[in-house]
Amino acid sequence: MARGTMRAMSRTPSFVLAVVLAAATLACSPREERNSDRVDEEGVALDQNVLDQLRAAGSDLSKPHQIDFYLYLPSQADAEAAGAVLRPMGYDVTVSVGDNDINWRCLASRKMKPTIQELTVARGVFKGLALRYQGAYDGWVTAIER
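What you see as residue numbers is a count from 1 along each chain, following the sequence as written. The predicted origin of the model limits local features to residues at a pLDDT of at least 70 and limits the giving and counting of side-chain atom pairs to 80 or more, whereas totals for whole chains, interfaces and linings rest on all residues. Side-chain numbers come from the whole structure's heavy atoms, not from hydrogens or water.

J.: Describe the pairing of strand E4 (residues 136–142), listing the residues and the values that go with them.
T.: Buried residues are those whose accessible area, probed at 1.4 Å on protein chains only, stays under 20% of the maximum for their type, while exposed residues exceed 50% and partly exposed ones sit between those limits. Secondary structure follows DSSP: runs of H or I at least 4 residues long count as helices, runs of E at least 2 residues long count as strands, and numbering of each begins at the N terminus. With 5 of its 7 residues buried, E4 lies for the most part within the structure. Across 5 bridges, the pairing between strand E1 (residues 65–73) and E4 is antiparallel. Looking across to E4, one finds that Asp-68 is bridged to Val-141. When DSSP finds at least two bridges between two strands, those strands are taken to pair.

Next comes the structure, spelled out in structure tokens:
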């Protein structure tokens, strides 16, 4: 791809959202938990990278963003139980069958300032729920806020 084309694409909101989704998905992909400190450090670094990309794309990170967090669990009961934990924490939760018709998606949304501190806390919550219910945390997405 030509340099000019890449630069033009990198300024479009849909390209940035795709980059955010890809980076957040990579940050949260299932891994062996042999060295959880290293995994957490990698996840935090990837989240910071996404925040840097949002800022570079013109997002005002001092403003609250609607952030969607994706948690996949083996049963509807597990997804509902995770939702029951998340709702008192201020998340709007929607439980639905996953795209593969095998697992259940617990989509938790919350308006918050996207800081590395807040995202690190959220990562801990979602990874903890994934471990508790034998599921997977699949990252977060947000739109650019100007």
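J.: Give a description of the packing of aromatic side chains that names residues and reports values.
T.: Each Phe, Tyr or Trp ring, with Trp reduced to its six-membered ring, pairs with another whose centre is within 6.5 Å; inter-plane angles below 30 degrees give stacked pairs, above 60 give edge-to-face pairs, and intermediate values give tilted ones. Within the structure shown, the criterion is met by 4 aromatic pairs. Centre to centre, the rings of Phe-69 and Tyr-91 are 5.7 Å apart; their planes meet at 85°, and the pair counts as edge-to-face. Of this pair, Phe-69 sits in strand E1 while Tyr-91 sits in the loop between helix H4 (76–86) and strand E2 (92–97), and the two are 22 residues apart along the sequence. With respect to class, Phe-69 is no different from Tyr-91; both count as buried. For the pair Tyr-91 and Phe-126, a centre-to-centre distance of 5.4 Å together with 85° between the ring planes defines the contact as edge-to-face. Residue Tyr-91 is located in the loop between H4 and E2, and its partner Phe-126 is located in helix H5 (residues 116–132); the two are separated by 35 residues in the primary sequence. Here a set of aromatic residues connected by ring pairs shows up, and it is made of Phe-69, Tyr-91, Phe-126 and Tyr-137. Whether a charge sits over a ring depends on NZ of Lys or CZ of Arg being within 6 Å of the ring centre and within 35 degrees of the ring normal. A cation over an aromatic ring shows up here: Arg-110 above the ring of Tyr-91, its NZ or CZ 5.0 Å from the ring centre.

J.: Give me the environment of Thr-120: which residues, what numbers.
T.: Structurally, Thr-120 is set in helix H5. Sequence separation between Thr-120 and Gln-48 is 72 residues, and the spatial gap between their C-alpha atoms is 9.6 Å.

J.: Mind laying out the nonpolar core, listing which residues take part and the relevant values?
T.: Note on terminology: a nonpolar core comprises buried Ala, Val, Leu, Ile, Met, Phe, Trp, Tyr and Cys residues joined through side-chain atoms within 4.5 Å. Residues Phe-69, Leu-71, Leu-86, Tyr-91, Cys-106, Phe-126 and Trp-140 are the most contacted members of the largest nonpolar core, which totals 29 residues. Within the residue set of this core, elements represented by two or more residues are helix H3 (36–56), E1, H4, E2, strand E3 (104–112), H5 and E4. Examining the composition of this core, we find that 7 residues originate from one element, H5, more than from any other.

J.: Outline the environment of Val-50, listing residues and values.
T.: Mapping Val-50 onto the fold places it in helix H3. Its relative accessible area of 0% is what places Val-50 among the buried residues. Between the alpha carbons of Val-50 and Val-141 there is a distance of 9.6 Å; along the sequence they are 91 residues apart.

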